[in-house]
Amino acid sequence: MNNKPLSGKTALVAGATRGAGRGIARELGALGAHVYVTGRTTRADQSDMRRSETIEETAEMVQAAGGTASAVRVDHSEPRQVERLAERIAAEAGGLDILVNDIWGGDGLTRWDQKLWEHSLEDGLLIQRRSVHTHLITSRYMLPLMLNRPGGVVMEITDGTDYRFRGNVYYSLAKVSGIHLAAAMAEELRPHGIAAVALTPGFLRSEAMLDHFGVSETNWREAAKQEPHFISSETPAYVGQAAARLAADPELMAFTGRALSSWELSDRYGFVDADGTRPHWGRYAAENGLG
């Protein structure tokens, strides 16, 4: 079996500073892709997220997993910065095979206890700019690099696989937009032999979520005393493996236009999470009446 099925492939993980993006970047590199890792937080310049994770750290994780990476600071809400990134990738790699849109930045802006008419309009619109506009801007400049390289894939990282309400109008709109964006891009990319999918993790055990509960990856189960459903959470490595295995699947085009999940792809490819478990948020949610 080829343990580097993505060798010779070039990937961009837009929004790879932490969370799902970091996990996906690492696993794409582990399967052989050269990964461009972008975000706003570097060791020299912190974003308004005020988090400690950096794109350089993510690149080092890719390299530790046996891959290669380039860390590039990019604000994906600024078209000229994204255009310059596209020019760099074209010059250095000759094109792009895998595009992962995982730019978010809306956690600190979402007010779960407020209705649309109560919520800050400025913050709500900023959620759309950070998580929808950035994906459109990035796709606009990166897709031309993919058109002559059939077999590639665009992944929209989202929350959930359907169009149901997610508890806050602005948040819900952002996450549902990713699902439809993937479906719409799939139609335009199909003639070029390029797939587009939406991909969701389950309850993500991200760095921010661990901090929120005051636990670490070694004692994360303690957080279930505060939030029982956290017991079925998954690390970013799980959705990372889902993305990487999908990108390497010779039957990739069969999935184009669909909204997929980490647990569904674990069932297909047989991978396990970093701790050796196989979380299945879909089954857990159904069994516990979570919809």
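Below is a summary of the structure that appears in this document. (Residues numbered from 1 in each chain as written. Predicted model: local features only at pLDDT ≥ 70, side-chain atom pairs only at ≥ 80, totals over all residues. Heavy atoms only, no water.)

Remarks on the overall build of the protein
Stated formally: Each helix is a run of H or I in the DSSP string that is no shorter than four residues. Each strand is a run of E no shorter than two, and both are numbered from the N terminus. With C-alpha atoms as the basis for the radius of gyration, the globule rule is written as 2.2 Å multiplied by the number of residues raised to the power 0.38. Whether a residue is buried, partly exposed or exposed follows from its accessible area with a 1.4 Å probe, protein chains only, as a fraction of its type maximum: under 20%, in between, or over 50%, in that order. Only heavy atoms enter the contact rule, under which two residues are in contact if any of them lie within 4.5 Å. The method behind every accessible area is Shrake-Rupley, applied with a 1.4 Å probe, and residues are considered shielded solely by the protein chains displayed. All tallies of charge rest on Lys and Arg as positive and Asp and Glu as negative; His and the ends of each chain are not included. All charge positions are set by atom: Lys at NZ, Arg at CZ, Asp at CG, Glu at CD.
Broken down by element type, the protein carries nine helices and seven strands. A globule of 291 residues ought to have a C-alpha radius of gyration of about 19 Å, and the protein, at 18 Å, matches this closely. Principal axes of the C-alpha set define a box for the protein whose edges measure 50 × 45 × 40 Å. Relative to its 291 residues, the protein shows a buried fraction of 55%. In the protein, the share of contacts with a sequence separation of at least 24, taken over all contacts with a separation of at least 6, comes to 70%. A total accessible area of about 12,900 Å² is found for the protein, and carbon and sulfur atoms account for 52% of it. Here the protein contributes 31 positive and 37 negative side-chain charges, whose respective centroids are spaced 2 Å apart.

Considerations on the packing of helix 4 (residues 121-142) against helix 5 (residues 169-189)
To keep things clear, this is the line we draw: For helices, the axis comes from a line fit to the C-alpha atoms of the stretch in contact; other axes are also lines fit to C-alpha atoms, and the angle between any two N-to-C directions lies between 0 and 180 degrees. These descriptions rest on fixed angle ranges, namely under 35 degrees for roughly parallel, over 145 for roughly antiparallel, 65 to 115 for roughly perpendicular, and the rest for oblique. Working rule for handedness: look at the near helix, and if it is turned counterclockwise from the far one by less than a right angle, call the crossing left-handed; if clockwise, right-handed. In this classification, Asp, Glu, Lys and Arg are treated as charged, Ala, Val, Leu, Ile, Met, Phe, Trp, Tyr, Cys and Pro as nonpolar, and every other residue, Gly included, as polar.
Between helix 4 and helix 5, the shortest axis-to-axis distance is 9 Å and the interhelical angle comes to 15°. The angle between helix 4 and helix 5 places the two elements in the roughly parallel class. The chirality of how helix 4 crosses helix 5 is right-handed. Contact residues: helix 4 offers Leu121, Gly124, Leu125, Ile127, Gln128, Ser131, Val132, His135, Leu136 and Ser139, while helix 5 offers Tyr170, Leu173, Ala174, Ser177, Leu181 and Met185. Broken down by class, the residue content of the contact of helix 4 with helix 5 amounts to 10 nonpolar, six polar and no charged.

Things to note about the sheet that holds strand 4 (residues 98-101)
Threshold: Two strands qualify as a pair provided DSSP detects at least 2 bridges between them.
Pairing in this open sheet of seven strands is parallel, and the strands run 3-2-1-4-5-6-7 from one edge to the other. Looking at the sheet topology across the chains shown, the edges are occupied by strand 3 (68-73) and strand 7 (259-261). Between one strand axis and the next, the sheet turns by 20° as a mean value, whatever way the strands run. Sitting on the sheet, helix 1 (residues 19-30) touches strand 1 (10-14), strand 2 (34-39), strand 4 and strand 5 (153-157), and the angle it makes with strand 1 is about 170°. Contacting strand 1, strand 2 and strand 3, helix 3 (residues 79-93) crosses the sheet at an angle of about 165° to strand 2.

Quick word on the environment of Ser266
Residue placement: Ser266 occurs in helix 8 (residues 262-269). Sequence separation between Ser266 and Gln241 is 25 residues; the distance between their C-alpha atoms is 8.3 Å. Leaving out residues up to four positions away in the same chain, Ser266 has contacts with Tyr238, Phe271 and Arg278.

Concerning the packing of aromatic side chains
Stated precisely, the cut-off is as follows: Each aromatic pair joins two rings of Phe, Tyr and Trp (for Trp, the six-membered one) with centres within 6.5 Å, and gets the label stacked for planes under 30 degrees apart, edge-to-face for over 60, and tilted for any other angle. Definition used: whenever NZ (Lys) or CZ (Arg) falls within 6 Å of the ring centre and also within 35 degrees of the ring normal, the charge is taken to sit over that ring.
One pass over the full model with this rule turns up eight aromatic pairs. Ring geometry for Phe203 and Phe230: centres 5.1 Å apart, planes at 75°, overall edge-to-face. One end of the pair, Phe203, is in the loop between strand 6 (195-200) and helix 6 (207-213); the other, Phe230, is in the loop between helix 6 and helix 7 (236-247), with 27 residues separating them in the sequence. Ring plane angle 55° and centroid distance 4.9 Å describe the contact between Phe213 and Phe230, whose orientation is recorded as tilted. A residue pair is termed long-range when its members are at least 10 positions apart, and Phe213 in helix 6 and Phe230 in the loop between helix 6 and helix 7 qualify at 17 residues. In terms of burial, Phe213 and Phe230 fall into one category: buried. By way of ring pairs, the aromatic residues Phe203, Phe213, Trp220, Phe230, Trp281 and Tyr284 are connected into one cluster. Sitting above the plane of the Trp104 ring, Lys175 keeps its charged end 3.9 Å from the centroid. Taking NZ or CZ as reference, Arg205 lies 3.7 Å from the ring centre of Trp220, over its face.

Read these as spatial facts, not as claims about activity.
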